[in-house]
Amino acid sequence: MINKDGLKPGDKIPSERELSERLNAGRSSVREALRALELLGLIETKRGEGTFIRDFRGNQLVQLLSTFILQDEKAKDDVVETKNMIEVDCLYLAAEKFKEDEIKRLKVWIDDHNFEDEEFFRKIAELADNHLFYRIWYILNDYYDALQLKVSPAEKADYHKLVDSLETKRGDLILERYRMLRKMSTE
């Protein structure tokens, strides 16, 4: 219903009664579901005003889940490995889909901004234009934050080399430049 109605963070959601009617569910079920969503930080109730959608990107859901899911080193290593794989796949897709003007804009963005590594790869994930990859990367990045893992930005020249490799559309070169970038940022 949130997607269908185009609701955004800060928007008011319908009353319990209206939700009950629209969802064809009992009010006690709706009330229980709303309580669960509020505990997860996805909605917020303001007395006398109603219930509103929260900006859930910064919510505690990932941190809560990470305390159960990411208890051992293997699970943590899997998060890092999977995030890296998604980034490489996004780079491959970007190489296939990028137009020359997009590459030029990305190079200008690199030159004009002081950015974190995560910001660069968020841009790559967006430009790869695969919504599922982007969402998976975004969630893995949240786990990265919850695990307090940090990738230091490499030199701007290294990001330029990676973007240059996209222009060649050569998967082997893209992978080589990605690995060089990761080596620089973890040292």
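Residues numbered from 1 in each chain as written. Predicted model: local features only at pLDDT ≥ 70, side-chain atom pairs only at ≥ 80, totals over all residues. Heavy atoms only, no water.

A. Just the overall build of the protein chain, in detail. Looking only at helices and strands, the protein chain features 10 helices and 2 strands. N-terminal to C-terminal, the α/β element order of the protein chain is α-α-α-β-β-α-α-α-α-α-α-α. Out of the 187 residues in the protein chain, the part that is buried amounts to 33%. Taking contacts inside the protein chain between residues at least 6 apart in sequence as the whole, the part at least 24 apart equals 62%. Working note: accessible area of the protein chain is about 11,900 Å², and carbon and sulfur atoms make up 50% of it. (Helix = DSSP H or I, 4+ residues; strand = E, 2+ residues; numbered from the N terminus. Buried < 20%, exposed > 50% of the residue type's maximum accessible area, 1.4 Å probe, protein only. Contact = heavy atoms within 4.5 Å. Areas by Shrake-Rupley, 256 points an atom, 1.4 Å probe, with all protein chains shown as cover.)

B. How the structure looks around helix α7 (residues 117–127). The set of residues buried in α7 consists of Asp117, Phe120, Phe121, Ile124 and Ala125. The arc that holds every buried residue of α7, seen down its axis, measures 135 degrees, which confines them to one face. (Arc of directions from axis to C-beta.)

C. Spotlight on the confidence of the model for the protein chain. Taken over all residues, the pLDDT of the protein chain has a mean of 85, while the share at 70 or more is 89%. Taking the mean pLDDT of every element in the protein chain, the minimum, 58, falls on helix α4 (residues 61–69) and the maximum, 94, on helix α9 (residues 156–168). (pLDDT = per-residue confidence, 0-100.)

D. Seen up close, empty space enclosed by the protein. For the coordinates displayed, the defined rule picks out 1 cavity of 30 Å³ or more. Taken as a whole, the largest cavity encloses approximately 70 Å³ of empty space. Contributing elements (two or more residues each) for the lining of the largest cavity: α7 and α8 (131–146). Considering every element that reaches the lining of the largest cavity, the biggest residue donor is α8, with 3 residues. In terms of residue class, the lining of the largest cavity is made up of 3 nonpolar, 1 polar and 6 charged. (1 Å grid on protein atoms, 1.4 Å probe; cavity = no way out; pocket = protein on both sides within 12 Å on 5 of 7 lines; lining within 4 Å. Points joined across faces, edges and corners; volume = space filled by probe spheres on them. Nonpolar A, V, L, I, M, F, W, Y, C, P; charged D, E, K, R; others polar.)

E. Representation of the pattern of salt bridges in the model. Summed over all chains, the structure comprises 14 salt bridges. For the salt bridge of Arg182 with Glu87, the shortest nitrogen-to-oxygen distance reads 2.8 Å. Of the two residues, Arg182 is situated in helix α10 (residues 171–186) and Glu87 in helix α5 (residues 73–97); the sequence distance between them amounts to 95 residues. Here Asp117 makes a salt bridge to Arg182, at a shortest N to O gap of 2.8 Å. Taken together, the residues span a long stretch of sequence, with Asp117 in helix α7 and Arg182 in helix α10 at a distance of 65 residues. (Salt bridge = Lys/Arg side-chain N within 4 Å of Asp/Glu carboxyl O.)

F. Just the packing of α5 against α7, in detail. Relative orientation of the contacting elements α5 and α7 amounts to 50 degrees, with a least axis distance of 8 Å. Classed by the angle they form, the pair α5 and α7 counts as oblique. Seen along the crossing, α5 lies across α7 with a hand that is left-handed. Only Phe121, Ile124 and Ala125 of α7 make contact with α5, whose side of the interface consists of Glu87, Cys90 and Leu91. Residue classes in the contact of α5 with α7 are distributed as 5 nonpolar, no polar and 1 charged. (Axes fitted to C-alpha atoms, helices over the stretch in contact; angles between N-to-C directions. Parallel < 35°, antiparallel > 145°, perpendicular 65-115°, else oblique. Left-handed = near helix turned anticlockwise from the far one by under 90°.)

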